[in-house]
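Structural description and commentary
Read off the chains here:
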Amino acid sequence: MTKPHFVIEGLRSSIEGKEILTGINLEIKGGEVHAIMGPNGTGKSTLASSLMGHPKYEITAGNVTLDGEDILEMAVDERARAGLFLAMQYPSEITGVTNADFMRSAINSRREEGNEISLIRFIRQLEAKMKELEMNPEFAHRYLNEGFSGGEKKRNEILQMMLLEPRIVILDEIDSGLDIDAMKVVAAGVNSMRSEERGFLIITHYQRLLDYIKPDFVHVIMQGRIVKSGGPELAERLEAEGYDWVKEEVGIEDETAGPKEEEFKMPMNTRGPKY
Amino acid sequence: MSVLTVLPVDSDYVRNMSNTLGEPAWVTELRLAALESAAKLDLPKLEKTRIDRWNLGSYGKYKAENRVASTAELQSIIGVLPEEEQPGTSVLVQRNSSVVYTKLAEDLAAKGVVFTDLHTAMRDHEKLVRPYFLTAVGYEENRFTALHAAIWNGGVFVYVPRGVVIDVPLQAYLHSDDPEATFAPHIVIVAEDNSKVTYVDNRTSAGDDKLIHSAVVEIFAKPGAHVRFASIHNLGESVTDLCYRRAVVDNDASIEWIVGEMNHGDSMTDTSSVLRGGGSSSDAKVINVGTKKQRLNLTTRAVHIGRNSKSQMLTRAVMKDEASAIINGITKIEKGATGAFGEQTEKVLMLSPKARGDANPMLLIDEDEVMAGHAASAGQVNPEHIHYLMSRGITKEAAEKLIIYGFLAPIVSEIPIESLEEQLQQLVERKLGS
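Not measured: the values here are computed from a predicted model.

Now for the overall build of chain A. Looking only at helices and strands, one finds nine helices and 12 strands in chain A. Against the compact-globule benchmark of 19 Å for 275 residues, chain A has a radius of gyration of 18 Å, which places it among compact chains. Along the first, second and third principal axes, the C-alpha set of chain A runs to 60 × 40 × 35 Å. Evaluated residue by residue, chain A yields a buried proportion of 43% over its 275 residues.

Residues and elements named next belong to chain B. Taken together, the 10 strands give an open sheet; going across it, the order is S2-S1-S5-S7-S9-S11-S13-S15-S17-S19, and neighbouring strands pair in mixed fashion. Of all the strands in the sheet, the pair left with one neighbour each is strand S2 (98–103) and strand S19 (371–380). For this sheet, the mean inter-axis angle between neighbouring strands, taken without regard to orientation, is 10°. Sheet analysis places strand S13 (residues 281–290) next to strand S15 (residues 310–319), joined by 10 bridges and oriented parallel. If you follow Ser 281 over to S15, its bridge partner there is Lys 310.

This paragraph deals with the sheet that holds strand S5 (residues 69–70) of chain A. Residue and element names in this part refer to chain A. Strand order across the open sheet formed by four strands is S2-S1-S4-S5, with antiparallel pairing between neighbours. Edge positions in the sheet fall to strand S2 (18–29) and S5, since each has one partner strand and no second. In the sheet, strand S4 (residues 57–66) pairs with S5 via two bridges, with the strands oriented antiparallel. When the sheet's bridge partners are listed, Leu 66 is paired in S5 with Glu 69.

Before going further, it helps to examine unusual backbone geometry. Phi at B:Asn194 is positive, roughly 55°, even though this residue is not glycine. Considering the arrangement of structural elements, one finds B:Asn194 in the loop between strand S6 (186–191) and strand S7 (196–205).

We now examine the packing of helix H2 (residues 25–40) of chain B against helix H7 (residues 143–151) of chain B. Residue and element names in this part refer to chain B. Taken N-terminus to C-terminus, the directions of H2 and H7 make an angle of 150°; their axes are 7 Å apart at the nearest point. It follows from the interaxial angle that H2 and H7 lie roughly antiparallel. When the axes of H2 and H7 are compared, the crossing they make is left-handed. For the pair H2 and H7, contact is made by Leu 30, Arg 31, Ala 34, Leu 35, Ser 37 and Ala 38 and by Arg 143, Ala 146, Leu 147, Ala 149 and Ala 150, respectively. Its residues placed into classes, the contact of H2 with H7 shows eight nonpolar, one polar and two charged.

Thresholds applied
Residues numbered from 1 in each chain as written. Chains lettered and ligands numbered in written order. Predicted model: local features only at pLDDT ≥ 70, side-chain atom pairs only at ≥ 80, totals over all residues. Helix = DSSP H or I, 4+ residues; strand = E, 2+ residues; numbered from the N terminus. Rg over C-alpha atoms; globule rule 2.2 N^0.38 Å. Buried ≥ 20, exposed ≤ 12 C-beta atoms within 10 Å, placed from the backbone. Pairing = 2+ DSSP bridges. Axes fitted to C-alpha atoms, helices over the stretch in contact; angles between N-to-C directions. Parallel < 35°, antiparallel > 145°, perpendicular 65-115°, else oblique. Left-handed = near helix turned anticlockwise from the far one by under 90°. Contact = placed C-beta atoms within 7 Å. Nonpolar A, V, L, I, M, F, W, Y, C, P; charged D, E, K, R; others polar.

The values are spatial; any link to function lies outside them.
As structure tokens, then:
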């Protein structure tokens, strides 16, 4: 398989008419791990959702390509089949659809009709990956994410990544709500997937995840664009000194994205809404 | 204004039909009394449904059918071959106005089980039938029940003697392929003390002319008896389904309803349990798929009279196209029914902007020492859910399918008879597939 080549150029994205992303440029190649860091409300999750094609976000300008193919022209499921994967911050809970049925459908969506994965092979793979992630095998037969704790949902996202073997992986705050042991398990899962055939984009608040998943590149996002890039040492400095020095360096007072009358911010200590 | 101010039949017609069928005098008299009531009674009052605007005129006339001799002929009528070669099965087939085939497993016959058409039962087993016939669903309730009692034909009578346990389900196929013939089966099931029986019926139709399926089911579960009643209605677009199902449940007896409302035409069904015995219980599971311009009014009801009686009702409905459904759940707890426990859930999933679904849970409670609960919801497929599934590569169509089947799964997967579960699954797929 060839190395993936993922390019984001001048990406602008709005929600309900408010522009959040104001021009993102980023290039990810196979084997690379990029981390995107930034305070709350700067557009990190908007970037993840926009790339995956969440219907709430409207792309107003820019290009995104994977191996030269225009991602923005594709429907959500086509993006996934082209090799894009987003581990979501708040995955949906879907009653009546078992985890196993869901994942088998996802695998088969990548295969030709008549060439579906055999049940036995699928179960063998599923069980092996679940074991790696220290998941209770019973979760395979539970309804998708229903009644899962925050940490179980995150593991379930990583499980899907491991089964689907995507080419570009976006992890949207995969560390939020995880205790240190769970984070180690999740990080080990991600590390086991690192290869020349896969690129990673890791979105996080905290440097601590990057202690376990070593990035090659670190980018700081403010006001909906990347304002500073560097190597792993950048994450360490942010951890030690916070973001103020970056703001000063690039001449920003308010780092948040979007029109300023929008006062509401998600408090750090709450969980996201359940659908 | 009402379509039915003129009744579809008169007393001469009813008397002649009863004579042709060779019915005992008491049956003829009941038919005539019912007809007289029909002229005076109103249509039932239904929640949010103008049933007077439905097709209520096409009752058809009684026509005799020949009995079926061969399995091949049977297969051509009902489309499937009942496992009739196996010695343990019991099968009854009604075609239009007549029962054309009956077979009762030998071991059950030896134990005194009766499984035959209602006309035969009235002649041969008057003592078993007469105390029950039209006592759970009386003809004086409304115009539908009265007309049914006047013109019913074919039908099934099941009698399970005291202590007899029947493991293999009794199967009935009720099929209409001649819209000019009355299609009005009446089912009576009597399960004596501590007996156990499962009865399954399939109702189907062929043809494009208007027809009414006028049906009544009366079930009597005597002390300690357990009756499981499963019915799949798969009637065509031109058929109006008017169906009352009612069980009278004695001390420590139980009734289990499994109903697939998979018709293609307008349907009014009412499935009720009268829990008159102490410790009696009822469990109702209903799934429904509505398509095109179908109008549906589905009621499940539990009436608690006995102490410590228990009821559970689950209904899930999926509405497509311009279908509309009124889903009523009624838990009625009478004074004196201390320790009663009633729980109900109705959920409607709408797949198109023009589909409509109302879930109406009602708790009517006249006793203090009880527990009752309800949950109801009506909504569309959550777009976040579709997005999530699609983000894993699943197509939009496949994602919707997963979610819809998932919505029905908690009920379908609870169906205790595997063949029935499969059959329902297939019907759901076929109805949602187009």
